[in-house]
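# Notes for the structure review
Residue-level listing of the chains:
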Amino acid sequence: MIKKRKKMEQSLNEIFSAKNEMVKKGQIVEATEKYFAPNAKTIDFDGTVTNEKSEMLAKMKGFANAIAKVNGIQLHIASLHGDTSFAEFTFDFDMKDGSKILWHEILKTSWKNGQIVEEQYFKA
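In short, a report on the structure. Every value quoted in this text rests on a predicted model; they were computed, and no experiment measured them. (Residues numbered from 1 in each chain as written. Predicted model: local features only at pLDDT ≥ 70, side-chain atom pairs only at ≥ 80, totals over all residues. Heavy atoms only, no water.)

## Section: the overall build of the protein chain
Along the protein chain, the regular secondary structure elements total three helices and six strands. The linear arrangement of helices and strands in the protein chain, starting from the amino end, is α-α-β-β-α-β-β-β-β. For a compact globule of 124 residues, the expected C-alpha radius of gyration is about 14 Å, and the protein chain comes in at 15 Å, within 12% of that figure. The principal-axis extents of the C-alpha atoms in the protein chain amount to approximately 55 × 30 × 25 Å. The burial tally for the protein chain puts 34% of its 124 residues in the buried class. (Helix = DSSP H or I, 4+ residues; strand = E, 2+ residues; numbered from the N terminus. Rg over C-alpha atoms; globule rule 2.2 N^0.38 Å. Buried < 20%, exposed > 50% of the residue type's maximum accessible area, 1.4 Å probe, protein only.)

If you want it as structure tokens, here you go:
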């Protein structure tokens, strides 16, 4: 049983690392498509909630289409414990409306069977 649990943790660590690599490359929509469970819930720091993958995809596609230029996406630190992961990112974007976005946030992610079932975003 311990061997099986260790193998699952290792594979979740690989999945988590692969998701973070996609985000670092700006592939936020693609990461949502690939790693979110159909009933995944997200909670933004401003209280905005999505209750399923399709809602989050629509939100991410709208956001991605508003980006004029990605100046940088930096992963500062990532940690996985059991089925919960944390990742600290800084996102730097120039938007099509002329505004600039500089987000420093922490993502708390709950995983089940290699898919995201809940993700919460905190200002860092």
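## With respect to unusual backbone geometry
Although it is not a glycine, asparagine 113 sits at a positive phi angle of roughly 55 degrees. Assignment of secondary structure puts asparagine 113 in the loop between β5 (100-112) and β6 (115-123). The class of asparagine 113 is exposed, set by a relative accessible area of 67%.

## As for the side chain of serine 85
Mapping serine 85 onto the fold places it in strand β4 (residues 84-95). Each residue touching serine 85, except ones within four places of it in the same chain, is listed here: Phe16, Ser79, Leu80, Leu107, Lys108, Thr109 and Trp111. (Contact = heavy atoms within 4.5 Å.)

## Quick word on the sheet that holds β4
Pairing is mixed across the open sheet formed by six strands, whose spatial order is β2-β1-β6-β5-β4-β3. Looking along the sheet, the strands with just one partner apiece sit at the ends: β2 (49-50) and β3 (67-81). On top of the sheet, helix α2 (residues 28-35) reaches β1 (36-43), β4, β5 and β6; it is set at about 125 degrees to β1, its chief contact. With respect to the sheet, helix α3 (residues 53-65) is in contact with β1, β2, β3, β4, β5 and β6, its orientation differing from that of β1 by roughly 65 degrees. (Pairing = 2+ DSSP bridges. Axes fitted to C-alpha atoms, helices over the stretch in contact; angles between N-to-C directions.)

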